[in-house]
Structures are given as structure tokens and as C-alpha cells.
Amino acid sequence: MQQVADRAKVSISTVSFVVNNTKPVAPETRERVLSAIDELGYRRNTMARALASRKSRVLALIYPLLDHRNHHAFVDAAATAAEEHGYSLVLWPIHSDNVTTEITSLIQAGFADGVLLMEVQFEDERVTHLQQADAPFALIGRTGDLAGIDYVDIDFERTTELAIDDLAGLGHRNFSLVIEDLDGTPLARYSPPIRTEATFRAVLAERGLHGSVFRVPHEATAISSLTDDLLREAPQTTAIISMHDEASYALMGRLRHRGLEIPRDISIAAIASSTAIGDLMDPPLSTYDAPGHELGRRAAEALIARLEGRDGPATQVLIACTLHGGASIGPAPSRRPELDVATG
């Protein structure tokens, strides 16, 4: 730091103010200090800074170990936002009977200053435990009781309503919803499928439309049998709304094998998905893309604001998914080919 100060012709304290962003420094002085840092190859020692400040400058992103989930957009955005504010992000996968103990140890041992929590359930013991421990945290997701909690989440209610109205505007009156069946898993009370199903039923009732719900586990046999189940139990369906990427992929292929052309005979839209996934299918699947980057960034910023002393109302943000391209939705058919469900 003395070398930086000498080269920039400032005091050591001014270098400290610039590096740690603790006091305002004139722009031209800041630029001289930063140039001197670059010229000398100076790198901030994160561990030393943590020891001096008694803060780790680390955020822990906690989520269950579920192989079928893809969180890269949330993680990438949260990590970028953390870095912009002088923090690091660590991934802390937890899937054990001692989840609350692990989270408490994480904070008390000083490994992290605060927690970002994913895969939030309606009744989530992790949230309760963090509140009781007075640990700083923010949610990517929602519990049932959100009083005073910082959270960001997909607006599943609005997204579901948008998908129904978009398809109804094309003349569709008979819908099927495909969601994850998480019964018997650590995410049995996972919020998104619950909110989506409740909204689906409510909106159809309000609009005078008709629909069926198919809850599909992630086992290959259940996904493979979905098409037959749907055509047998809800043969009147002309529009499918799916929040299950593996099931969407299976439906796109198997409906074609059953003699149905997409979207001429039946439309499919995926919600809380992504164009990158939709583009892999034939025809390209119409997707309501999850705003993962926006949610990851805003969750990290909400937590950092709390860590840095911000008072005031909790950050509570809902962002609806938006429809992106694809070629799997179209006008409702006047009639569909007759199918022999038993033989295909």
C-alpha cells in the first residue's frame, strides 16, 4: 500500500479509502490510485480484509442437491452482483436431516455473512431457523408467510394467467396443466407447482374454461406414459401448459407419433422454462422464459443492502415470465383426428 501511495502521490489512508470504498475520494485521485494499483500488480487480499473487518464478504447460496434442476442463470447473476459489490458467492448444496444445524454453523463460524436460499417451500424450516438465529438472508422463492422477508420470485400466478389468456385468445377452451409431482421428496411442499396449479384452476373457473391437471414425477416411466395418460383422461385437450421440461420434451415427440401435429392439432407452451431449451425441440417449443438473471441479481443486491445496514421495508419482488418465440402454439383446431388410445 505504501508503494501504491508513493506512486499515486497520496497518503496510505487515501489508498485504503479507495480499496475499501469507505470514504469518498475525488475522481481524479481515485483514478491515480487505481492506475498505480494496476501498474504495480497489487491484488486485494480477501482473507486479510475479512480478518480486519470481521466480515467474510461471502454470501452462501443454499439449495438442495437435486440433479434435475438447472440454476445456472440464477447463480451466474447472483455471483456477478456479489462481485460488483465486493462480495464473493459460494455454492452450499445441502440435502440432509441436519439442514438447519448446517446453516447455523455456516453463519456462526463466520464462513459467510449472509444466506441466499433457493427451492423455497410453503412451510420451510430453513426460513424459520434463519429468523430465529437472526441471520441475514434473502429468498429466491416464497414461503406462505412473507411478512418482513426479503425475497424475489417468478410471478407464477401472473405467468399462468398470461399463458391461459394467450391460448384462450387463439380459441382454446380445453386445457391440460403438466407440473412436477414432488410428493415423497424433500420438496414435497415446493411453492411453484402449488401456486401454478391453484392459479390454473382459479383462472379457468373465472373464464368459464375447462382443464385437467397432470402431476408427473421425474421417473422415466412416468414421463413416458404421460402422453397416453393425457389422451385417455383428457382427450378434449387442445392446449397444454407445461412446467416440467422433461415432460414437455416427451410430449413433443410422442404426440407426433400418435398422429397429432403441433400446433395444428394441439398447442404446447412451457412456463418458467427457457428459449434455449425450447429451441432444442421440433418444432421449437414456445416458452415463457424464467427471469433467472434478474432474480439472481436482485436477490443478491437485497441481501447485500441488509448486510450494509439498509433499513426500511423488505425487498419483495415478483417478475412474470415473458413469451419468447417458438412454433408450438396456434389457433384451436375445429376438430382433431380420432385416436385409438389403446393401440396408438
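In what follows, the accompanying structure is described. Note that the structure is predicted; figures quoted are calculated from it, not measured. (Residues numbered from 1 in each chain as written. Predicted model: local features only at pLDDT ≥ 70, side-chain atom pairs only at ≥ 80, totals over all residues. Heavy atoms only, no water.)

1. Description of the sheet that holds strand β5 (residues 151–154)
With parallel pairing, the six strands of this open sheet are ordered in space as β2-β1-β3-β4-β5-β11. Of all strands in the sheet, those with a lone pairing partner are β2 (88–93) and β11 (316–319), marking the two edges. Going from strand to strand, the sheet's axes swing by 20° on average, the running direction of each strand aside. As paired elements, strand β3 (residues 114–117) and strand β4 (residues 137–140) share three bridges and run parallel to each other. Considered in β4, the bridge of leucine 117 is made with leucine 139. (Pairing = 2+ DSSP bridges. Helix = DSSP H or I, 4+ residues; strand = E, 2+ residues; numbered from the N terminus. Axes fitted to C-alpha atoms, helices over the stretch in contact; angles between N-to-C directions.)

2. Remarks on the pattern of salt bridges
Tallied over the entire structure, the rule returns 21 salt bridges. In this structure, arginine 306 and aspartate 150 form a salt bridge, with 2.8 Å as the shortest nitrogen-oxygen distance. Linking arginine 306 in helix α13 (residues 292–307) with aspartate 150 in the loop between β4 and β5, this pair joins segments that are 156 residues apart in sequence. Judged by relative accessible area, which is 26%, arginine 306 ranks as partly exposed. Among the ionic pairs, arginine 207 bridges to aspartate 165, the shortest N-O distance being 3.0 Å. Of the two residues, arginine 207 sits in helix α9 (residues 191–207) while aspartate 165 sits in helix α8 (residues 156–168), which places them 42 residues apart along the sequence. Among the charged side chains, a salt-bridge network with shared partners connects Arg158, Glu161, Asp165, Glu206 and Arg207. (Salt bridge = Lys/Arg side-chain N within 4 Å of Asp/Glu carboxyl O. Buried < 20%, exposed > 50% of the residue type's maximum accessible area, 1.4 Å probe, protein only.)

3. Some remarks on unusual backbone geometry
With an omega of 5°, the peptide bond running from isoleucine 262 to proline 263 counts as cis. In this chain, aspartate 282 is followed by proline 283 through a cis amide linkage whose omega measures -5°. The topology assignment puts proline 283 in the loop between α12 (275–278) and β10 (286–289). Located in the positive-phi region is lysine 9, a residue other than glycine, with phi close to 60°. Here lysine 9 lies in the loop between α1 (2–8) and α2 (12–20). For alanine 272, which is not glycine, the phi dihedral falls at a positive 55°. On the accessibility criterion, alanine 272 (25% relative accessible area) is partly exposed.

The quantities given are spatial measurements derived from coordinates; they are silent on function.
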